[in-house]
Amino acid sequence: MTQPVEEVYSLVLDADQLEQCTSMQQDEFGVLESIYPEFVSSRNLDGDALKLEIPVQFGTTKSVLISEPPPPSNTGIASLPEKKQTLQSISLTTLPPILINITLPRSYPLQKPPVITSIRATHIWLSEVEVLQSTLIELWQTAEPVLFNWIEYIRTGDFLEKLNLVSPGNSDIIALPHPAPRLIAPLLLEYDSSAQSSQFAQNSYPCSVCLTSLKGSKCLQLKCKHIFCRTCLEDFWKMCIAEGDISRVGCPDPECVKKANEAGEEEVARVVTEAELQRWKWLREKRNVERDPTVVHCPVAVCQAPVPKPIDADKETPGWSRLRTCPRCGYSFCAFCRRTWHGPLDKCPIAQYEHLALEYLGAEEGSPERAKLERRFGKANIIRLVATYEEEKANMQWLSSSTMQCPGCQCHVEKNMGCNHMTCWKCSQHFCYRCGERLNPDQPYAHFSNPKHGCFNQLFDVIDVPEAEWELEE
Amino acid sequence: MDARLRRVNKEISDCKNDKTSQIKIELFDESPFHLKGSFPGPEGTPYEGGLFEVDIVIPDSYPFQPVKMKFITKVYHPNVSSASGAICLDILKDAWSPVLTLKSTLISLQSLLCSPEPNDPQDAEVAKHYMTSKSSFEETATYWTQIYAGGPGPKEKKGKGVGGKGVQDEVAIAGLERAHVDRFETLGFERSKVIDALRRLNYRGPNIAQITDDRVVEELLK
């Protein structure tokens, strides 16, 4: 119906106006090509056909919900149990380009809008292209060039609102109907990540270390979002790795330095050489081992490899939980006394673990030092060890204060009554209970009657004296 | 041209172009790696009105290692050694970041003058002074600013305090060592003149800042 009318109008345009149209078209094309060179492919030989390839660039991350469109309700199968809807939710900052083929009528823009010969979305992520097409045509106003507006309208994603794809409450949520959400989601994600990296490579970023501006392809964005040039990061990290100062291998930003943000393996691998990466990993492992309180070092002098606590050590019986086996040399030893594994039943000799007990007792309750030991050996174990130590110590004290060792068999003897001349019940050795000296079995009392000797007149201890005094008083 | 030289040159020219920060960086000689920085003492502190000069040495691995800075101008401050000008500031040590520049570091020094950290002192004597009597500390700091950094001197309480403490005290207050003053006094110069000359020369013994005895005598004969 309208066609003949337009034809009539087109006849009205005179040669001057047509020429004006041609020059306006050329100007517009020139503008587009300089602003969005990657969106416009050059005109064909005839000069009136144009191909636009416009990606959607949100500028922020949007969450895109892809769901199957609801089945038409008025069909015969409506009564069937409703098919479970598949829903995919992904975060995107871009969507693949909308491809538009256009021919420009000779009387565009003065009299006619551009003619859209075809419109489709890459990967067919958008099915309602017809609606978009009519919307684009509506944007045209007589005598106004419209292509730039079209590009902006699509690039910014504004058209999604017109297509009712933006969640009414939250503009950061886009609901995208698609017959196969599972198929389209990975395609959209792949496009998004490649678009981001190519965009990053094209932009320029100022590196605040060398104070120059460089193309993104020469820069690296760290996980804290700070961007530095690769050369600076390489120089910095190489130096730190060479000096063994791996805590500085991280973002050079002052805030990140204060927070001690260290770089991840992925980042380090992208910046330094393979040999440096290996050294960095080795240094990091070494440091982590040094920090890890559960690790003990292999007592074999030539090995000294870190030996981690077995995962189920805490669940083992107390005896077995002391067992450690060096992963490097295979030496099995006791974590407490560091001697060759002496089985789950034998106790560690007190001298071997005394330092541990003293270390534990020396630290305050709840202190990090105690926590460290508790993690290394298990809390119950260390408490048991300390209890054993304290008991042993008490025993030792009692032994040294209340008993005398037989000089013959080293057996401890406690005297409960009688004189200081002792005869060992085990080896029959005669000895003085006061000084531990061996006594002549034939003349054992000579020891106590020699005035030059310290035990002179001490056959009986002072304890007996009060009784004697009491007797005297009586 | 290596990266270090390129960056230092850029920093020097950036600082020249920036008229608002009042921070200056100059060359000592031809080397761009030994520089002299200066900044005005912060307002509202005993250092107000003084101009403080800083000796800057750029290490080989700059900017990945911190720049070395010490005060040329004598400063009476808990975190600055009154004898050597050494500075105790975290960003000059383990909190250094390659993103920090000579200018931003000098600005940090400026703010260090505003907010002393007496609990982490470089000069224990000064820190003790600061902790025990802040007003007396500020008097000395103002006096030092006046005689070493060209400050205006004490504001309202003129003639009070520092002046009346006698020559002996003046040696200490001026931060000079008695031995240095005595040495030149024995050469036959008047004590007050010696103090004056050494103060003018910012004298800290013959090894620091390379001031020879001849130079001192020359100054005394003026």
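Look a little higher up for the structure.
Residues numbered from 1 in each chain as written. Chains lettered and ligands numbered in written order. Predicted model: local features only at pLDDT ≥ 70, side-chain atom pairs only at ≥ 80, totals over all residues. Heavy atoms only, no water.

Novice: For the overall build of chain A, give the residues involved together with the corresponding values.
Specialist: Scanning chain A from terminus to terminus reveals 15 helices and 17 strands. The buried share of chain A, taken over its 474 residues, is 38%. Relative to all contacts within chain A whose residues are 6 or more apart in sequence, the contacts with residues 24 or more apart total 51%. On chain A, roughly 28,100 Å² of surface is accessible, and the fraction owed to carbon and sulfur atoms is 53%. (Helix = DSSP H or I, 4+ residues; strand = E, 2+ residues; numbered from the N terminus. Buried < 20%, exposed > 50% of the residue type's maximum accessible area, 1.4 Å probe, protein only. Contact = heavy atoms within 4.5 Å. Areas by Shrake-Rupley, 256 points an atom, 1.4 Å probe, with all protein chains shown as cover.)

Novice: Can you explain the interface of chain B and chain A? Please cite residues and give values.
Specialist: In this assembly, 15 residues from chain B lie in contact with 16 residues from chain A. Surface buried jointly by chain B and chain A totals about 1,300 Å² across both partners, of which 69% is contributed by carbon and sulfur atoms. The tally of links from chain B across to chain A stands at six residue pairs in polar contact (both at pLDDT 80 or more). Classifying every residue of the side of chain B that touches chain A by side-chain character gives seven nonpolar, three polar and five charged. (Buried area = accessible area lost by both parts, 1.4 Å probe. Polar contact = N/O pair within 3.5 Å; in protein donor to acceptor, adjacent residues only side chain to side chain. Nonpolar A, V, L, I, M, F, W, Y, C, P; charged D, E, K, R; others polar.)

Novice: Account for a negative patch on the surface, naming residues and giving values.
Specialist: All names here are of chain B. A cluster of acidic residues, Asp90, Asp94, Glu117 and Asp120, forms a negative patch on the protein surface. Looking at where aspartate 90 falls in the secondary structure, it is placed in the loop between strand 4 (68–71) and helix 2 (102–114). For aspartate 90, a relative accessible area of 39% translates into the label partly exposed. (Patch = residues over 30% accessible without salt bridge, like charges linked within 9 Å, V, L, I, M, F, W, Y side chains within 5 Å. Salt bridge = Lys/Arg side-chain N within 4 Å of Asp/Glu carboxyl O. Lys, Arg positive; Asp, Glu negative; His and termini not counted. Charge placed at Lys NZ, Arg CZ, Asp CG, Glu CD.)

Novice: Account for the pairing of strand 7 (residues 212–215) of chain A, naming residues and giving values.
Specialist: Residue and element names in this part refer to chain A. Sheet topology note: the strand 6 (residues 204–207)/strand 7 ladder contains four bridges and is antiparallel. Looking at the pairing, serine 204 lines up with lysine 215 of strand 7. The turn joining strand 6 and strand 7, which pair antiparallel and follow one another in sequence, is formed by four residues; a positive phi near 60° is taken by leucine 211. (Pairing = 2+ DSSP bridges.)

Novice: Now, about helix 12 (residues 368–377) of chain A: what can you tell me, with residues and values included?
Specialist: All names here are of chain A. For helix 12, the complete set of buried residues consists of Arg370, Leu373, Glu374, Arg376 and Phe377. Each buried residue of helix 12 lies within a common arc of 165° when the element is viewed along its axis, so the set occupies one face. One or two positions beyond helix 12, positive phi appears at glycine 378, with a value near 95°. (Arc of directions from axis to C-beta.)

Novice: Any details on helix 6 (residues 178–186) of chain B? Residues and values, ideally.
Specialist: Residues and elements named next belong to chain B. When helix 6 is considered as a whole, its buried residues turn out to be His180, Val181 and Phe184. Looking down the long axis of helix 6, one finds its buried residues gathered within 95° of arc, a one-sided arrangement. Within two residues after helix 6, glycine 188 carries a phi angle of roughly 105°, on the positive side.

Just distances and angles here, no functional claims.
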